[in-house]
Amino acid sequence: MTTASKLGLYYNGYFTKVAKEAGDDTVVLLIDDVQNNWKSFHWNSLLKGSKPTNLLVIGVGVPQWNGFPQFDHNYPSSFHDPFLFFLTCEDLPEVCSYFIKAYSYSAEVTNEVCGKLLEFTSGHLFPFVTFAQHLFDPNNKIDLTNVDHYLSGKEF
């Protein structure tokens, strides 16, 4: 995870190198505050066809305008009330209930994972849901009893 304003700290090709070194593992790169550096030279390699297939780039920022990096999907497509797309502690019971039903993990594990994700994503809804779906997906075989270890690993 980084912010767009810090992209200049990474040399050209850095994120491609990290993805290639990960082999078959997916590398998730969350870039916050995209609006603060929408002219970075990194956008071309992070969002165009030449990027490694195992590199998942999630950009979070304000609404699209001319020149803004073009992600594959924009959530939400309309920004009439962007604060609807932030989660708080008050939202966790409803969110956890959804993930318990959707993935059949225990309430204890689901509450722990969702609490950590809320902190990890600062409440940004789209990254929260994207990471939650990845973590809870049984095909990924992630040990959710120690989600801190996973979230602090090389993938993140």
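Below, the structure is looked at part by part. As the structure is a computational prediction, the values presented were derived from the model and not from experiment. (Residues numbered from 1 in each chain as written. Predicted model: local features only at pLDDT ≥ 70, side-chain atom pairs only at ≥ 80, totals over all residues. Heavy atoms only, no water.)

It is at 9 Å that the axes of helix α3 (residues 92-103) and helix α4 (residues 107-121) come closest, and there the two elements cross at 125°. With respect to each other, α3 and α4 are oriented oblique. Our pair here, α3 against α4, has a crossing hand that is right-handed. Across the interface between the two elements, L92, V95, C96, F99 and I100 of α3 pack against A107, T110, N111, C114, G115 and L118 of α4. Here the contact of α3 with α4 is composed, by residue class, of eight nonpolar, three polar and no charged. (Axes fitted to C-alpha atoms, helices over the stretch in contact; angles between N-to-C directions. Helix = DSSP H or I, 4+ residues; strand = E, 2+ residues; numbered from the N terminus. Parallel < 35°, antiparallel > 145°, perpendicular 65-115°, else oblique. Left-handed = near helix turned anticlockwise from the far one by under 90°. Contact = heavy atoms within 4.5 Å. Nonpolar A, V, L, I, M, F, W, Y, C, P; charged D, E, K, R; others polar.)

Below, the discussion takes up the packing of aromatic side chains. The tally for this structure, following the rule as stated, stands at ten aromatic pairs. The interplanar angle of 25° and the centroid separation of 5.8 Å between the aromatic rings of Y103 and F136 together place this pair among those described as stacked. On the criterion of sequence distance, the pair formed by Y103 in helix α3 and F136 in helix α5 (residues 125-136) is long-range, its members being 33 residues apart. Look at Y103 and you get partly exposed, because its relative accessible area is 26%. A relative accessible area of 0% means that F136 is categorised as buried. Each ring, one from Y105 and one from F136, has its centre 5.5 Å from the other, and the planes form 45°; the classification is tilted. Remark: F136 occurs in helix α5 and Y105 occurs in the loop between α3 and α4; sequence separation between them is 31 residues. Every member of this aromatic cluster is reached through a ring pair, and the members are Y98, F99, Y103, Y105 and F136. (Phe/Tyr/Trp six-rings, centres within 6.5 Å; stacked < 30°, edge-to-face > 60°. Buried < 20%, exposed > 50% of the residue type's maximum accessible area, 1.4 Å probe, protein only.)

The next thing to look at is the nonpolar core. Judged by nonpolar contacts, the single largest core of 25 residues is most densely connected at V113, C114, L117, F128 and L135. Looking at which element gives the most residues to this core, the answer is α4, with six residues. Beyond its immediate stretch of four places on either side in the chain, F128 contacts L87, L92, V95, F99, C114, L117, L118 and T121. (Core = buried A, V, L, I, M, F, W, Y, C linked by side-chain atoms within 4.5 Å.)

With that settled, consider the packing of α4 against α5. For the pair α4 and α5, interaxial distance at closest approach is 10 Å and the crossing angle is 140°. Relative to α5, α4 is oriented so that their crossing is right-handed. Contacts between α4 and α5 involve T110, V113, C114, L117, L118, F120 and T121 from the first element and P127, F128, F131, A132, L135 and F136 from the second. Looking at the contact of α4 with α5, its residues break down into eleven nonpolar, two polar and no charged.

Let's shift gears to the pairing of strand β2 (residues 27-32). Within β2, six of the six residues are buried, which leaves it mostly tucked inside the rest of the structure. Where burial is concerned, the two faces of β2 agree: the one with V27, L29 and I31 and the one with V28, L30 and D32 are both buried. The β-α-β motif built from strand β1 (residues 2-3), the intervening helix α1 (residues 14-21) and the parallel element β2 has right-handed crossover chirality. Strand direction decides the pairing type here: β2 and strand β3 (residues 55-59), joined by five bridges, are parallel. The partner of V28 across the bridge, within β3, is L56. (Right-handed = clockwise from strand over helix to strand, strands pointing away. Pairing = 2+ DSSP bridges.)

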